[in-house]
Amino acid sequence: MKPLLKVSRLSKRYGNGCLFCANENGAGLVGNQCPHCKSVFACRDVSFDLFPDEVLGIVGESGSGKSTLVRLLHFEEEATGGEVFLNASTGEEKSQNVLALGPFAKRQLRNRKFGIVYQNPQMGLRMDVSAGGNVAEKLLAAGWRNVGLIRERAGELLKKTEIPLSRMDEAPRNFSGGMQQRVQIAKALSNKPRILLLDEVTTGLDLSVQARVLDLIKNLQRELKLSALVVSHDLGVIRLLCHRTIVMRYGRVVESGLTDQILEDPQHPYTQLLVSSRL
Amino acid sequence: MPIVEKSKKQTRQILYNFAFLDDVAKREIRRKILKAVAVPGYQVPFGSREMPIARGWGTGGLQITLSLIEPSDTLKVIDQGCDYSVNAVNIKKFVQAVTGVRITTDTTEATLIQTRHRIPEEPMTEDQILVLQVPYPEALREVEPSEQKTRAMHAEGDYGRMWLFLYEDIIHYGEVRLSYRYPVLVNNKYIMDPSPIPRWDVPKLNMARTLFLFGAGREKRIYAVPPYTSVEPLQFEDHPFRVESFAGKRCERCGAEDTYLDEIIAEDGVTRHYYCSDTSFCDKRRRT
Ligand SMILES: Nc1ncnc2c1ncn2[C@@H]1O[C@H](COP(=O)(O)OP(=O)(O)OP(=O)(O)O)[C@@H](O)[C@H]1O
Ligand SMILES: [Mg+2]
Ligand SMILES: [Zn+2]
């Protein structure tokens, strides 16, 4: 099967780098940082495929580069190396490295193919714009010019994410954390994305609220046949949602495989530690 | 062409160029105007000069006027539709003093019109230029405070947030509440602030025969709508743009029912009187 998203040696360095860290190929880094120039190597040669309908988990300790990876894929930051292909073809015809596109084309791709949900609703929502307006923004950007139709679509999505329609014209500022996350999800789905990026979406929610949001995501993913990247350091979330999982440490992928295998029979010592510390 | 003017007391001589600005300044402003005309609706930065009137009182428009005006021109200056307001009179006096051009109040006679807050009621022609004074040139400022970001938004046609702003007005208030500075899309490309003209005047910009030049002195921007350029107010299919309605009202001086009317509340605080905002057009109608 053809991967929907092909990520190849994706790298992000914060800082200018120096001769030492350029040549050592990471061997001389302390954690993810160069001891000489203090550059941080947030992602290093990250490669993976994401297939249609697949949910891929990304786990790793704090600072391992998970959010950076998501931001790179959402074109929120410039990669310092590597390539990303959408609908990568396996045959002769080379598909284009989307990281090389101009800002306009990137924004179009982002608006058409991606939906994103952040851990912090402040990042994903305009708190002083109505819930419906938040969902409508991408539709407006895509050229929708009929308020009635926009409201119909926003209403559908809010219903799907279990936000009462009576609150559609209210700003999410006063919503509970769980509701804000569900508005974010509705917003992320507004453009019928192929790929959802979910970065710690349940962290910070009460356990009971977490379960409801996770169920919602699981159902939506199946119903809408979405591919998703799920970032979490909660292995319970990963087990529930993800078919395959990659494990990151210091910006590198140290292990990848089927989620069950990774959780039941971790190979890399770091993964073993991660799994056991949870138990 | 230097002009020597002897002041009344003959105590000193004032030396300055025709139309006050030096040739370098004029050339720069003309080049920026050409660029603005070539890219309709795009805000071109220019090196706004100090003028003998305070910034915010039309220095942007004035610099455009001064860099275009020729001795053969006939100038009209209006403020809120009126030829005789203090601001209009001051600008007129100044331009006349530094150029000696003929001044008129008749829209059809003028070759160059500088205005604040109105477009004249009488249709203008290819042979005329309308210079609009602009306090805030950035139509997106309401939704994005950073200049760097609004520039990127224009460059990429990233206007979702502007539309969101209008959407929010409609769902909360049933209509877009902007009565002045109603945002328009120019040449299907750039969103532009038409300056604080009322909605009434916005349709006059569309496919017009006249060149419109916009000058913001404080913000150092020039932009333009060349003749025969499409200018569309931002609107939704089910919430179309509407101009002010003066249904059932007419100008008490000239009887016009088809002009933009100023509403004056009488001293009793209750009675409302309506008069044409375009005073010279009103006068003309009364004469005929
Ligand atoms: N803008 C930045 N400038 C410099 N360093 C940064 C920047 N953003 C992230 N980093 C560094 O990059 C590394 C990866 O950060 P990232 O936020 O991707 O980690 P994470 O895996 O998402 O962690 P967490 O689980 O805590 O969210 C960290 O060392 C972080 O300090
Ligand atoms: Mg993170
Ligand atoms: Zn280094």
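The preceding data block contains the structure.
Residues numbered from 1 in each chain as written. Chains lettered and ligands numbered in written order. Predicted model: local features only at pLDDT ≥ 70, side-chain atom pairs only at ≥ 80, totals over all residues. Heavy atoms only, no water.

K.L.:
Requested: an account of the overall build of chain B, with residues and values cited.
P.N.:
The helix and strand tally for chain B stands at 6 helices and 14 strands. The C-alpha atoms of chain B give 20 Å as radius of gyration, which agrees with the globular expectation for 288 residues (19 Å, within 12%). By its C-alpha atoms, chain B is 65 × 50 × 35 Å across when sized along the principal axes. Pairs at least 24 apart in sequence give 59% of the contacts found in chain B among residues at least 6 apart. Element-wise, carbon and sulfur atoms account for 52% of the exposed surface of chain B, whose accessible area totals about 13,700 Å². Placing the 40 positive and 40 negative side-chain charges of chain B at their respective mean positions leaves the two points 7 Å apart. (Helix = DSSP H or I, 4+ residues; strand = E, 2+ residues; numbered from the N terminus. Rg over C-alpha atoms; globule rule 2.2 N^0.38 Å. Contact = heavy atoms within 4.5 Å. Areas by Shrake-Rupley, 256 points an atom, 1.4 Å probe, with all protein chains shown as cover. Lys, Arg positive; Asp, Glu negative; His and termini not counted. Charge placed at Lys NZ, Arg CZ, Asp CG, Glu CD.)

K.L.:
Run through the packing of helix α1 (residues 23-38) of chain B against helix α2 (residues 59-68) of chain B, naming residues and quoting values.
P.N.:
Residue and element names in this part refer to chain B. One can describe the packing of α1 onto α2 by two numbers: an axis separation of 9 Å at closest approach and a directional angle of 105°. With respect to α2, the axis of α1 lies roughly perpendicular. The residues of α2 that touch α1, namely those facing Lys 26, Ile 29, Arg 30 and Ile 33, are Gln 63, Ile 64, Leu 66, Ser 67 and Leu 68. Here the residues of the contact of α1 with α2 sort into 5 nonpolar, 2 polar and 2 charged. (Axes fitted to C-alpha atoms, helices over the stretch in contact; angles between N-to-C directions. Parallel < 35°, antiparallel > 145°, perpendicular 65-115°, else oblique. Nonpolar A, V, L, I, M, F, W, Y, C, P; charged D, E, K, R; others polar.)

K.L.:
For the sheet that holds strand β1 (residues 5-14) of chain A, give the residues involved together with the corresponding values.
P.N.:
Residue and element names in this part refer to chain A. One open sheet holds the 3 strands; their spatial order is β2-β1-β4, and the pairing between them is antiparallel. One side of each edge strand has no neighbouring strand; the edge strands of this open sheet are β2 (40-50) and β4 (81-86). Taking the axes of each pair of neighbouring strands and ignoring which way they run, one obtains an average angle of 15° across the sheet. Bridge count for β1 against β2 is 7 bridges, and the pairing is antiparallel. In the strand pairing of β2, Lys 6 is matched with Asp 49. (Pairing = 2+ DSSP bridges.)

K.L.:
Tell me about the site of ligand 1, and please be specific about residues and values.
P.N.:
All names here are of chain A. Inspection of the region around ligand 1 gives 14 residues, with Ser 62, Gly 63, Lys 66, Ser 67 and Thr 68 positioned closest. Thr 68 places a side-chain nitrogen or oxygen 2.5 Å from an oxygen atom of ligand 1. Protein chains shield 63% of the accessible area of ligand 1, which is 630 Å² for the free molecule. Listed by contribution, the elements that provide at least two residues to the shell around ligand 1 are β2 and α2 (66-73). In terms of residue count, α2 provides more of the shell around ligand 1 than any other element does, 4 residues in total. Here the shell around ligand 1 is composed, by residue class, of 3 nonpolar, 7 polar and 4 charged. (Near = heavy atom within 4 Å. Polar contact = N/O pair within 3.5 Å; in protein donor to acceptor, adjacent residues only side chain to side chain.)

K.L.:
Provide a residue-level description of the interface of chain A and chain B, including the pertinent values.
P.N.:
It is common to give the size of an interface as the accessible area lost on bringing the parts into contact. Chain A puts 21 residues into the contact, and the matching count from chain B is 17 residues. With both sides pooled, the region where chain A packs onto chain B buries about 1,600 Å², and carbon together with sulfur makes up 60% of that total. Inspection of the chain A/chain B interface yields 2 salt bridges. Close ionic contact of B:Glu156 with A:Arg107 constitutes a salt bridge, the shortest N to O distance being 3.1 Å. Taken together, chain A and chain B are joined by 8 residue pairs in polar contact (both at pLDDT 80 or more). Every element with two or more residues in the side of chain A that touches chain B is listed here: α3 (103-113), α5 (131-141) and α6 (147-160) of chain A. The element best represented in the side of chain A that touches chain B is α5(A), accounting for 6 residues. Of the residues that constitute the side of chain A that touches chain B, the class distribution is 10 nonpolar, 5 polar and 6 charged. (Buried area = accessible area lost by both parts, 1.4 Å probe. Salt bridge = Lys/Arg side-chain N within 4 Å of Asp/Glu carboxyl O.)

K.L.:
Break down the environment of A:Ser277 for me, with residues and values.
P.N.:
Mapped onto the elements of the fold, A:Ser277 is located in helix α11 (residues 269-278). A polar contact of 2.9 Å, which involves the side chain of A:Ser277, links it to the backbone oxygen of A:Leu274.

K.L.:
Could you give an account of the sheet that holds strand β6 (residues 195-199) of chain A, naming the residues involved and the relevant values?
P.N.:
Residue and element names in this part refer to chain A. What the 6 strands build is an open sheet, ordered β5-β6-β7-β3-β8-β9; its pairing is mixed. Of all strands in the sheet, those bounded by a partner on one side alone are β5 (114-117) and β9 (252-258). Averaged over all adjacent pairs, the angle separating strand axes in this sheet is 15°, with direction ignored. Inspection of the sheet shows β5 paired to β6 by 4 bridges, in the parallel sense.

K.L.:
Run through the packing of aromatic side chains, naming residues and quoting values.
P.N.:
We describe a pair of aromatic rings using the distance from one ring centre to the other and the angle between the two ring planes. Residues and elements named next belong to chain B. The final tally for this structure, using the stated rule, is 9 aromatic pairs over all chains. Between Tyr 182 and Phe 241, the ring centres sit 4.8 Å apart and the planes meet at 65°, which makes this aromatic pair edge-to-face. Here Phe 241 lies in the loop between β12 (231-233) and β13 (261-265) and Tyr 182 lies in the loop between α5 (160-173) and β8 (184-186), a separation of 59 residues in the sequence. The residues Tyr 182 and Phe 241 share a single accessibility class, namely buried. Here Phe 214 and Tyr 223 contribute two aromatic rings whose centre-to-centre distance is 4.8 Å and whose plane-to-plane angle is 5°, an arrangement assigned as stacked. (Phe/Tyr/Trp six-rings, centres within 6.5 Å; stacked < 30°, edge-to-face > 60°. Buried < 20%, exposed > 50% of the residue type's maximum accessible area, 1.4 Å probe, protein only.)

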